[in-house]
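Notes for the structure review
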Amino acid sequence: VQLQASGGGLVQAGDSLRLSCAASGRTFNIYTMGWFRQAPGKEREFVAAISWSGASTNYADSVKGRFTISRDNAKNALYLQMSSLKPEDTAVYYCAAKGSKGFSSSSYDSNYDYWGQGTLVTVSS
């Protein structure tokens, strides 16, 4: 499975941005998918996750109410709609996928088997 994240860029505080993640390869092995981010000098942190059916989602408190995760299994795609962006949202954003069933512990990066290369989001004040 290969994941390719895109959509990052430079925006101003308060703006919106939509990230995409395209999956290819043995995509039938993908179940829960998620977004993580890593700011300069900080550890990677969980942002959001979505179950295979899309019925279950999970968000970090810092983005709840501002970010929306979604997926289109027919297109093998994952999305992250980000609104009301803040300078502290500046980071490299990574998409990830689990190769096993189950939505529990979706906020732990160690539970994910496949990772994209990351896309940089910079929010200026």
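Observations regarding the packing of aromatic side chains
According to the stated counting rule, one finds 4 aromatic pairs in the structure shown. Among the aromatic residues, ring-to-ring pairing joins Phe36, Phe46, Tyr112 and Trp115 into one connected group. The cationic tip of Arg18 hangs over the ring face of Tyr79; the distance from NZ or CZ to the ring centre is 4.0 Å. For Arg44, the ring lying beneath its charged end belongs to Trp115, and the centroid distance is 3.9 Å.

Brief notes about the sheet that holds strand E8 (residues 77-82)
Ordered in space as E1-E3-E8-E7, the 4 strands form an open sheet in which the pairing is antiparallel. The outermost strands of the open sheet, each flanked by one partner alone, are strand E1 (2-6) and strand E7 (67-72). Pairs of neighbouring strands in the sheet enclose a mean axial angle of 15°, with direction left out of account. Across 5 bridges, the pairing between E1 and strand E3 (residues 17-24) is antiparallel. Bridge pairing in E3 places Gln2 opposite Ser24.

Remarks on the pairing of strand E9 (residues 91-97)
In terms of residue burial, E9 counts as a mostly covered element, since 6 of its 7 residues are buried. Two strands pair when backbone bridges link them, and strand E4 (residues 33-38) and E9 are joined in this way by 6 bridges, in the antiparallel orientation. Across the sheet, the residue bridging to Met33 is Ala97, located in E9. Sheet topology note: the E9/strand E11 (residues 119-124) ladder contains 3 bridges and is antiparallel. Residue pairing for E11: Ala91 is matched across the bridge by Val121.

Notes on unusual backbone geometry
Phi is positive for Asn76, which is not a glycine, with a value near 55°. Position of Asn76 among the secondary structure elements: in the loop between E7 and E8. The backbone of Ser105 sits at a positive phi, close to 60°, despite the residue not being glycine. Its place among the elements puts Ser105 in the loop between E9 and strand E10 (114-115).

Examining the state of the cysteines
Across all of its chains, the model carries 1 disulfide by this definition. Through a disulfide, Cys21 is tied to Cys95; the S-S separation comes to 2.2 Å. Between Cys21 and Cys95, the S-S torsion sits near 65°, and that sign places the bridge as right-handed. Of this pair, Cys21 sits in strand E3 while Cys95 sits in strand E9, and the two are 74 residues apart along the sequence. As far as burial versus exposure is concerned, Cys21 and Cys95 are alike and both buried.

How each quantity is defined
Throughout this description, residue numbers start from 1 for each chain and increase along the sequence as written. Only residues with pLDDT of at least 70 get local features here, since the model is predicted, and only at 80 or more are side-chain atom pairs given and counted; chain-wide, interface and lining totals rely on the full set of residues. Hydrogens and water molecules were not included; the side-chain quantities draw on all heavy atoms of the structure. When two rings of Phe, Tyr or Trp (its six-membered ring) have centres within 6.5 Å they constitute a pair, described as stacked for plane angles under 30 degrees, edge-to-face for angles over 60, and tilted for the intermediate range. In this scheme, Lys NZ or Arg CZ marks a charge over a ring once it lies within 6 Å of the ring centre and within 35 degrees of the ring normal. Strands pair, by our definition, only if DSSP identifies at least two bridges between them. Helix and strand assignments follow DSSP, with helices taken as H or I runs no shorter than four residues and strands as E runs no shorter than two, numbered in order from the N terminus. Helix axes are fitted only over the stretch in contact, all axes being lines through C-alpha atoms; the angle between N-to-C directions runs from 0 to 180 degrees. Partly exposed describes any residue whose relative accessible area lies between the buried limit of under 20% and the exposed limit of over 50%, with all areas from a 1.4 Å probe on protein chains only and scaled to the type maximum. Only a pair of cysteine sulfur atoms within 2.5 Å qualifies as a disulfide here.

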